[in-house]
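Structure at a glance
Given next are the chains, with one letter for each unit.
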Amino acid sequence: MRPNVLTRTAISLTAVVGLAAGTVAAAGTSFAAPDAKPAVSSEVSVLAVNNLGLNTARAQRWQCWLRDTGYNPGTIDGQLGTNSWKAAQRKFNDLDLNAGTVDGVVGTNTIKALQRYLNIFDYNLAVDGVAGPATRAAFWDFNEINYCA
């Protein structure tokens with residue numbers, strides 16, 4: 001038996017609202033039949049690469065900066081993946097900027113530590129853990145200088 005148009009519309013709207021509200025697990029099942037499986041997985045995946053708005057050249061500069069200041073980011077390839085962020089987290093923690101667990105995940109604590117780090121260089125960012133436009137612009141600006149020689 002096929003659901004009617006109204007039911008399909010309700011399910012679609014519920015999914016959109018659920019995703020927007022962050023309730024991914026409930027989004028696909030709110031109006032579904034009791035034996036239906038969720039349309040969206042509730043598992044959170046970690047991005048393999050998170051350049052926080054940097055292009056490849058500027059991301060390479062950040063990797064070279066990490067390397068040249070004693071923190072191994074792995075391959076200098078302009079892709080800020082787990083190894084690059086682990087290096088940054090170690091650097092931030094060594095500077096008492098409280099990046100939290102060294103896991104390579106760019107979460108709230110890592111962003112706060114990045115904001116504190118950039119503030120050392122007079123960027124005057126709010127330390128809120130959000131990689132918003134001001135944080136991304138400061139990170140972009142910080143990586144203007146080419147440290148890769």
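To be clear, the structure that these remarks concern was listed above.
Described below are features of the structure shown in this document. (Residues numbered from 1 in each chain as written. Predicted model: local features only at pLDDT ≥ 70, side-chain atom pairs only at ≥ 80, totals over all residues. Heavy atoms only, no water.)

On a plain count of helices and strands, the chain comes out with six helices and zero strands. Start at the N end of the chain and walk to the C end: the helices and strands fall as α-α-α-α-α-α. When the 149 residues of the chain are sorted by exposure, 31% land in the buried category. If you take every contact in the chain between residues at least 6 apart in sequence, the share linking residues at least 24 apart comes to 36%. With an accessible surface of roughly 8,800 Å², the chain has 55% of that area assigned to carbon and sulfur atoms. (Helix = DSSP H or I, 4+ residues; strand = E, 2+ residues; numbered from the N terminus. Buried < 20%, exposed > 50% of the residue type's maximum accessible area, 1.4 Å probe, protein only. Contact = heavy atoms within 4.5 Å. Areas by Shrake-Rupley, 256 points an atom, 1.4 Å probe, with all protein chains shown as cover.)

Turning our attention to the packing of aromatic side chains. Taken as a whole and judged by the stated rule, the model has 10 aromatic pairs. Relative to Phe 142, the ring of Trp 65 has its centre 5.7 Å away and its plane inclined at 80°; by these criteria the two rings are edge-to-face. A residue pair is termed long-range when its members are at least 10 positions apart, and Trp 65 in helix 3 (residues 56-68) and Phe 142 in helix 6 (residues 133-142) qualify at 77 residues. Taking the relative accessible area as the measure of exposure, Trp 65 reaches 19% and is therefore buried. Ring geometry for Trp 85 versus Phe 139: centroids 6.2 Å apart, planes at 35°, classification tilted. With Trp 85 in helix 4 (residues 82-94) and Phe 139 in helix 6, this pair connects stretches of sequence that are 54 residues apart. Grouping aromatic residues by their ring pairs yields a cluster made of Trp 62, Trp 65, Trp 85, Phe 92, Tyr 117, Phe 121, Phe 139 and Phe 142. (Phe/Tyr/Trp six-rings, centres within 6.5 Å; stacked < 30°, edge-to-face > 60°.)

Scanning the entire structure with this criterion turns up one disulfide. A sulfur-sulfur separation of 1.9 Å characterises the disulfide bridge that pairs Cys 64 with Cys 148. Between Cys 64 and Cys 148, the S-S torsion sits near 105°, and that sign places the bridge as right-handed. With Cys 64 in helix 3 and Cys 148 in the segment after helix 6, this residue pair connects regions lying 84 residues apart in the sequence. Its relative accessible area of 2% is what places Cys 64 among the buried residues. (Disulfide = S-S within 2.5 Å.)

To continue, consider the pattern of salt bridges. The full count for this structure, using the stated rule, is one salt bridge. Note that Arg 67 is salt-bridged to Asp 68, the shortest N-O span being 2.8 Å. Its relative accessible area of 38% is what places Arg 67 among the partly exposed residues. Residue Asp 68 is classed as partly exposed on the basis of its relative accessible area, which comes to 46%. (Salt bridge = Lys/Arg side-chain N within 4 Å of Asp/Glu carboxyl O.)

As a further point, take the side chain of Lys 91. Along the chain, Lys 91 falls in helix 4. Buried within the structure, Lys 91 lacks any salt-bridge partner; Asp 94 is the closest side chain of opposite charge, at an N-O distance of 8.3 Å. Beyond its immediate sequence surroundings of up to four residues, Lys 91 is in contact with Trp 65, Leu 66, Thr 69, Tyr 71 and Tyr 117. (Lys, Arg positive; Asp, Glu negative; His and termini not counted.)

A separate point is the nonpolar core. In terms of nonpolar packing, the biggest core is built from 23 residues, with Trp 62, Phe 92, Leu 114 and Phe 139 touching the most fellow members. Mapped onto this core, the elements with two or more residues apiece are helix 3, helix 4, helix 5 (108-120) and helix 6. Per element, the largest residue contribution to this core is five residues, and it comes from helix 5. Apart from residues lying up to four places away in sequence, Leu 114 is in contact with Leu 52, Trp 62, Trp 85, Phe 92, Thr 135 and Phe 139. (Core = buried A, V, L, I, M, F, W, Y, C linked by side-chain atoms within 4.5 Å.)

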